[in-house]
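Report on the structure
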Amino acid sequence: AQSVTQLDSQVPVFEEAPVELRCNYSSSVSVYLFWYVQYPNQGLQLLLKYLSGSTLVKGINGFEAEFNKSQTSFHLRKPSVHISDTAEYFCAVRSNNNDMRFGAGTRLTVKP
Amino acid sequence: KAGVTQTPRYLIKTRGQQVTLSCSPISGHRSVSWYQQTPGQGLQFLFEYFSETQRNKGNFPGRFSGRQFSNSRSEMNVSTLELGDSALYLCASSLRTSNYGYTFGSGTRLTVV
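Parameters at a glance
- Residues numbered from 1 in each chain as written.
- Chains lettered and ligands numbered in written order.
- Predicted model: local features only at pLDDT ≥ 70, side-chain atom pairs only at ≥ 80, totals over all residues.
- Heavy atoms only, no water.
- Buried < 20%, exposed > 50% of the residue type's maximum accessible area, 1.4 Å probe, protein only.
- Helix = DSSP H or I, 4+ residues; strand = E, 2+ residues; numbered from the N terminus.
- Pairing = 2+ DSSP bridges.
- Disulfide = S-S within 2.5 Å.
- Phe/Tyr/Trp six-rings, centres within 6.5 Å; stacked < 30°, edge-to-face > 60°.
- Lys NZ or Arg CZ within 6 Å of the ring centre and 35° of its normal.
- 1 Å grid on protein atoms, 1.4 Å probe; cavity = no way out; pocket = protein on both sides within 12 Å on 5 of 7 lines; lining within 4 Å.
- Points joined across faces, edges and corners; volume = space filled by probe spheres on them.
- Nonpolar A, V, L, I, M, F, W, Y, C, P; charged D, E, K, R; others polar.

**Details of the pairing of strand E1 (residues 3-6) of chain A**
Residue and element names in this part refer to chain A.
- A one-sided burial pattern is seen for E1, the buried positions being Val4 and Gln6 and the unburied ones Ser3 and Thr5.
- Sheet topology note: the E1/strand E4 (residues 23-26) ladder contains four bridges and is antiparallel. The residue of E4 that forms the bridge with Gln6 is Cys23.

And the structure:
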């Protein structure tokens, strides 16, 4: 069965610093990988997705993620964060027409 | 194009009652999924529907049920509410399959007292 582990529950960073949110997945078959962002009292918004092809995926708001099959990882990065990036970030995996599974989330707090 | 619409946004119910939540997907989207989000358990999958057929089901008791109509709108029902059912219920839609990612609604916040 597929599963997702987000390695950090909270990540505090200062404004304009780089950030990496870590995600590992487990699945015995090919996967589709996603990162979503959730702002308070809102639903989830798709940041980026990996379906196939290039392992470096660029998304909205300056975020990017790299798919590493050998490490079974899909870490999210941003070179310079803003206060407005403060939110909860979820990594998700789907394979073989199974349901989409989400990680527990990483709360990113950007401090001035 | 309108997004995923969930109604109502907020709901307060008493233990033992039942509740129905509604979701209207993006026009043209035929797949609808439901998730329960709580601080302790995170996002947990409830159901996935495609063209009125349940395609996947999560590990929830039979008190949780859902359906999808011919216009792709979906409802979920929870009977005999328990305090632990208090959560944010999120609906998400996609064209055919979530392989390309979901579009989520803003959710229905259910509080059971």
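**Section: the state of the cysteines**
Residue and element names in this part refer to chain B.
- If you walk through the whole model with that rule in mind, you get two disulfides over all chains.
- Residue pairing for Cys23: its cysteine sulfur links by disulfide to Cys91, the two sulfurs lying 1.8 Å apart. Taking the sign of the S-S torsion, -60° for the link of Cys23 and Cys91, the bridge is left-handed. Within this pair, whereas Cys23 is found in strand E3 (residues 19-24), its partner Cys91 is found in strand E9 (residues 87-94), the two being separated by 68 residues in sequence.
- A residue is classified by how much of its surface remains accessible, and Cys23, at 0% relative accessible area, is buried.
- What makes Cys91 buried here is its relative accessible area of 0%.

**Remarks on the packing of aromatic side chains**
- Considering all chains together, one arrives at 14 aromatic pairs over all chains under this definition.
- Measuring from ring centre to ring centre gives 6.2 Å for Tyr25 of chain A and Phe67 of chain A, while their planes differ by 25°; the resulting arrangement is stacked. In this pair, Tyr25 of chain A sits in strand E4 while Phe67 of chain A sits in strand E8 (residues 64-68), placing the two residues 42 residues apart along the sequence. Here the two residues Tyr25 of chain A and Phe67 of chain A agree in accessibility, since each one is buried.
- Consider the rings of Tyr36 of chain A and Phe102 of chain A, whose centres lie 5.6 Å apart with planes at 50°: the pair is tilted. On the criterion of sequence distance, the pair formed by Tyr36 of chain A in strand E5 (residues 32-38) and Phe102 of chain A in strand E11 (residues 101-102) is long-range, its members being 66 residues apart. Neither residue differs from the other here; Tyr36 of chain A and Phe102 of chain A are each classed as buried.
- In textbook terms, an aromatic cluster arises when at least three aromatic residues are bridged by ring pairs, as seen for Phe34, Tyr36 and Phe102 of chain A together with Tyr35, Phe45, Tyr102 and Phe104 of chain B.
- One cation-aromatic arrangement involves Lys111 of chain A over Phe14 of chain A; the distance from NZ or CZ to the ring centre is 5.4 Å.

**A closer look at empty space enclosed by the protein**
- Across all of its chains, the model carries one cavity of 30 Å³ or more by this definition.
- Within this model, the largest cavity holds a volume of roughly 40 Å³.
- Every residue along the wall of the largest cavity is listed here: Asn41 of chain A together with Arg9, Tyr10, Leu88, Ser106, Gly107 and Arg109 of chain B.
- Taken together, the residues of the lining of the largest cavity break down into two nonpolar, three polar and two charged.

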